[in-house]
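Structure assessment
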Amino acid sequence: MNEAIGTTASPHPDTEGVDGGVGLTALLVAASRAIESHRGDSLAQDVYAEHFVRAAPACAEWPVRIEQVPDGDDNALWGRFARYFGLRTRVLDDFVVRSVLTGVRQVVLLGAGLDTRAFRLDWPSDCVFFEVDRAGVLAFKHEVLAELSAAPKVKRVPVPVDLRDDWVTALTGSGFDPAAPSIWLAEGLLFYLPGPAETYLVDTVDLLATEGSALAFEAKLEADLMAYRDSAIYTATREQIGIDLLDLFDKGPRPDSAGRLEARGWSASTHTPFEFTRRHGRGPLPEPNDALEGNRWVFAYRRRP
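The rules behind these values
Residues numbered from 1 in each chain as written. Predicted model: local features only at pLDDT ≥ 70, side-chain atom pairs only at ≥ 80, totals over all residues. Heavy atoms only, no water. Helix = DSSP H or I, 4+ residues; strand = E, 2+ residues; numbered from the N terminus. Rg over C-alpha atoms; globule rule 2.2 N^0.38 Å. Buried < 20%, exposed > 50% of the residue type's maximum accessible area, 1.4 Å probe, protein only. Contact = heavy atoms within 4.5 Å. Areas by Shrake-Rupley, 256 points an atom, 1.4 Å probe, with all protein chains shown as cover. Lys, Arg positive; Asp, Glu negative; His and termini not counted. Charge placed at Lys NZ, Arg CZ, Asp CG, Glu CD. Pairing = 2+ DSSP bridges. Axes fitted to C-alpha atoms, helices over the stretch in contact; angles between N-to-C directions. Expected span 1.5 Å × (residues − 1). Bend = angle between axes of the 7 residues up to and from the residue. Polar contact = N/O pair within 3.5 Å; in protein donor to acceptor, adjacent residues only side chain to side chain. Core = buried A, V, L, I, M, F, W, Y, C linked by side-chain atoms within 4.5 Å. Parallel < 35°, antiparallel > 145°, perpendicular 65-115°, else oblique. Phe/Tyr/Trp six-rings, centres within 6.5 Å; stacked < 30°, edge-to-face > 60°.

1. Here's the deal with the overall build of the protein chain
Helix and strand counts for the protein chain stand at 11 helices and seven strands. Relative to its length of 305 residues, the protein chain is compact, with a C-alpha radius of gyration of 18 Å against a globular reference of 19 Å. Over its C-alpha atoms, taken along the principal directions, the protein chain stretches across nearly 55 × 45 × 45 Å. Looking at the protein chain residue by residue over its 305 residues, the buried ones come to 57%. In the protein chain, 77% of the contacts between residues at least 6 apart in sequence involve partners at least 24 apart. Accessible surface computed for the protein chain: about 12600 Å², of which carbon and sulfur atoms make up 52%. One way to put it: in the protein chain the 32 positive side-chain charges average out to a point 5 Å from where the 45 negative ones average out.

2. Side note on the pairing of strand β1 (residues 106-110)
Regular strands show a simple pattern: their side chains alternate between the two faces of the sheet. β1 sits mainly inside the fold: five of its five residues count as buried. With burial as the criterion, each face of β1 is covered, one bearing Q106, V108 and L110 and the other bearing V107 and L109. As paired strands, β1 and strand β4 (residues 183-186) are joined by three bridges and run parallel to one another. If you follow V107 over to β4, its bridge partner there is I183.

3. Re the sheet that holds strand β5 (residues 214-220)
Read from one edge to the other, the open sheet built from seven strands follows the order β3-β2-β1-β4-β5-β7-β6, with strand pairing classed as mixed. The sheet is open, and its two borders are formed by β3 (155-160) and β6 (266-271), each paired with just one other strand. The sheet shows a mean angle of 15° between the axes of neighbouring strands, direction not considered. In this structure, β6 lies alongside strand β7 (residues 295-302), joined through six bridges in antiparallel fashion. Across the sheet, the residue bridging to H271 is W297, located in β7.

4. Thoughts on helix α3 (residues 76-101)
Spanning 26 residues, α3 covers 36 Å between terminal C-alpha atoms, matching the ideal 38 Å at 1.5 Å per step. Considering bend angle alone, the principal kink of α3 is centred on A82 and spans about 30°. Counting buried residues in α3 gives 21 out of 26 residues, a clear majority hidden from the surface. Put simply, N75 is the residue that caps the front of α3, since its side-chain oxygen is 2.9 Å from the backbone nitrogen of L77. Just downstream of α3, G103 is the residue with a positive phi angle, here 110°.

5. Some remarks on the environment of A55
Among the secondary structure elements, A55 is positioned in helix α2 (residues 49-55). Taking the relative accessible area as the measure of exposure, A55 reaches 41% and is therefore partly exposed. Counting along the chain gives 12 residues from A55 to E67, while the straight-line C-alpha distance between them is 20 Å. Residues within four places of A55 in sequence aside, it is in contact with F140 and V144.

6. Brief notes about the nonpolar core
L27, L28, F52, W62, W78 and F81 are the most contacted members of the largest nonpolar core, which has 71 residues in total. Top element by residues in this core is α3. It accounts for 12 residues. Ignoring sequence-local partners within four residues, the contact set of W62 consists of L24, L27, L28, A31, V53, R54, W78, I241 and I243. The next biggest cluster of nonpolar side chains, apart from the first, holds 32 residues, and it includes F176, A186, A209 and A219.

7. What to know about the packing of α3 against helix α11 (residues 273-280)
α11 packs onto α3 with a crossing angle of 80° between their chain directions and a minimal axis gap of 10 Å. As the angle between them shows, α3 and α11 are arranged roughly perpendicular. On α11, the residues that touch R80, Y84, L87, R90, V91 and D94 of α3 are P273, F274, F276, T277 and H280.

8. Here's the deal with the packing of aromatic side chains
Under the counting rule described, the total for this entry stands at 19 aromatic pairs. Plain terms: the ring middles of Y84 and W297 are 5.6 Å apart, the flat faces sit at 45° to each other, and that makes the pair tilted. Taken together, the residues Y84 in helix α3 and W297 in strand β7 connect sequence positions 213 residues apart. Exposure remark for Y84: the relative accessible area of 1% places this residue in the buried category. Consider the rings of W167 and W184, whose centres lie 6.4 Å apart with planes at 70°: the pair is edge-to-face. Here W167 is found in helix α6 (residues 167-173), whereas its partner W184 is found in strand β4, with 17 residues between them in sequence. W167 gets classed as buried once you look at its relative accessible area, which sits at 0%. For W184, a relative accessible area of 0% puts it in the buried group. Members of the aromatic cluster, connected to one another through ring pairs, are F81, Y84, F85, F95, F276, W297, F299 and Y301.

As structure tokens, this is what we get:
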């Protein structure tokens, strides 16, 4: 047990699967990826995403194509917010692909959710993907993909453990080698964790990542999350699918994880999503009372000697 995270050794049945709590947000992202995949100008393709949506009773009626949304792209949830997730998928796809091209062969997905990068992108045959998440989430993903007879394009190692528990022992026990360079991805994860838990996670990655490693994560920098409670995105998500994101996000002060990594010898760059919207020519742009205003995507690299 990671006492630094401030948890006990008891299980967490209230957040075990994808049918509620933070787990349900994995299905929101899957539905967004499905919508993105069916667009004529899609930034990312995920043929498995809509199958996750259809397999879960909680979201069986959610759209998987923008044409199924009466107001289309004008819908704050399935238009703007879903396009945000599509953009994020593409940007982080590019990050992992670039990092693998430098010769790194270990990829760790922290809070992997319904990530299908091991299945939908091409990788060198000697790559290994470690997918760290709660057992219930990984079991749901396995069931859906097995029903489709989907086969990963790389060695894939599910690591069923709650990130509030001793995930380091679970990861190293599954074959992760701390002596070899690694790629780490924390996509849509850290803002659900208390600040001390985020710091512990980042410090742990620092300990496990040797020179040549890379880390990407998403952060939220708003001073007061509740100031955006009536934003179009949060309102639409609450009213249309019953997910209150602000109830799930941790509302305590956020650490400067990028600065912490730089102090330990990493190089880090911090970007707004809007930078990538302009680069790719599609995605969300700033608007008044914008729930995305404080979102940042951070890319960090552990320098080689």
